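# Structural overview for review
Take a look at the letters that make up each chain.
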Amino acid sequence: MKPVPHATSLRRAPVQRRSAERLTRILDACADLLDEVGYDALSTRAVAVRAGVPIGSVYRFFGNKRAMADALAQRNLERYTDRVTERLAGAGAGDWQAAMDAVLDEYLAMKHTAPGFSLVDFGNQIPVGARDAEPNHRVADQLTELLSGYLGRAPDDALRRTFLIAVETADTLVHLAFRMDPQGDEAIIAETRELLRAYLGRVLD
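Structural notes, computed from the coordinates. (Residues numbered from 1 in each chain as written. Predicted model: local features only at pLDDT ≥ 70, side-chain atom pairs only at ≥ 80, totals over all residues. Heavy atoms only, no water.)

### What to know about helix 2 (residues 44–51)
Using the following cut-off: Summary of the burial criterion: residues with accessible area below 20% of their type's maximum are buried, those above 50% are exposed, and those between are partly exposed, where the area comes from a 1.4 Å probe applied to protein chains only. Helical segments are the DSSP runs of H or I of at least four residues, strand segments are the runs of E of at least two, and each set is numbered from the N terminus. Here the arc refers to the directions that run from the helix axis out to each C-beta atom. In what follows, a contact means two residues having at least one pair of non-hydrogen atoms within 4.5 Å.
What helix 2 keeps buried is the set Thr44, Val47, Ala48 and Ala51. The buried residues of helix 2 all sit within an arc of 100 degrees when viewed along its axis, so they share a single face. Facing away from the buried side of helix 2 by over 90 degrees, the exposed positions are Arg45 and Val49. Those residues of helix 2 that are buried lie in contact with helix 1 (17–37), helix 3 (55–61) and helix 4 (65–89). The first or second residue beyond helix 2 is Gly52, which carries a positive phi of 70 degrees.

What follows is the structure, encoded as structure tokens:
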């Protein structure tokens, strides 16, 4: 089970600080507009207006709105990884339950607070309603690399498979929880946590 390489949707990577700041504004505007109008009504022109940049600046980085949403999904994954890393800095090494709580809690926190995340997350919902397994493979790869040292385990195929199964399971159940309740059905989330504990306990203990 080889890691899935990170895809890039950028036509051109920013080199100068000013260009990087412009890209950040574009992605921020894309996220805000996703919450306001949804994916179908999203347009590159509206993003340019919201970001306060010429339309040409958007096309400098992205060929279309799908590419923008893909880049936002990748940024979400990077920020999610940073949040989990920061959370684990204060936990005891080798504590897989603390690691699991960090992984699930930080995802739920982003569902509630990160603009555009409910429609894009890490790419599973682009376009809205589509379910492509590849983003979950990337999440599992990131978690394998991030948590292997923390757990004292080799980042091998067995650990990658374990995290892929956990990610796919949690993804399905968390989406169910948010379909049942816009704020996330607490009972389903609690059951998800227990299911993950049972599975990971069997594999990681």
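So that's the structure; there's more coming.
### Things to note about the side chain of Asp141
The test is simple: Polar contacts, as used here, are pairs of N or O atoms within 3.5 Å; protein pairs need one atom able to donate a hydrogen and one able to accept it. Residues neighboring in sequence count only if both atoms are side-chain atoms.
On the secondary structure map, Asp141 appears in helix 7 (residues 134–151). Within the structure, the side chain of Asp141 is placed 2.9 Å from the side chain of Arg160, a separation counted as a polar contact.

### Quick word on helix 4
Worth spelling out the cut-off: Each residue after the first adds 1.5 Å to the expected span of a helix.
The end-to-end C-alpha distance of helix 4, which contains 25 residues, comes to 36 Å, matching closely the 36 Å that a straight helix rising 1.5 Å per residue would cover. With a side-chain oxygen positioned 3.2 Å from the backbone nitrogen of Arg66, the residue opening helix 4 is Asn64.

### Focus on the packing of helix 8 (residues 157–180) against helix 9 (residues 186–204)
The following threshold applies: Whenever a helix is involved, its axis is fitted only over the stretch in contact; in every case the axis is a line through C-alpha atoms, and angles between N-to-C directions fall within 0 to 180 degrees. Each angle is binned into one of four classes, with values under 35 degrees roughly parallel, values over 145 roughly antiparallel, values of 65 to 115 roughly perpendicular, and all other values oblique. Any residue that is not Ala, Val, Leu, Ile, Met, Phe, Trp, Tyr, Cys, Pro, Asp, Glu, Lys or Arg is counted as polar, Gly included; the first ten are nonpolar and the last four charged.
With their axes 9 Å apart at the nearest point, helix 8 and helix 9 run at an angle of 170 degrees to one another. Considering the angle they form, helix 8 stands roughly antiparallel to helix 9. Between helix 8, through Leu159, Arg161, Thr162, Ile165, Ala166, Thr169, Ala170, Leu173, Leu176, Ala177 and Met180, and helix 9, the contact on the second element is made entirely by Ile188, Ile189, Thr192, Leu195, Leu196, Tyr199, Leu200, Val203 and Leu204. Taken together, the residues of the contact of helix 8 with helix 9 sort by class into 16 nonpolar, three polar and one charged.

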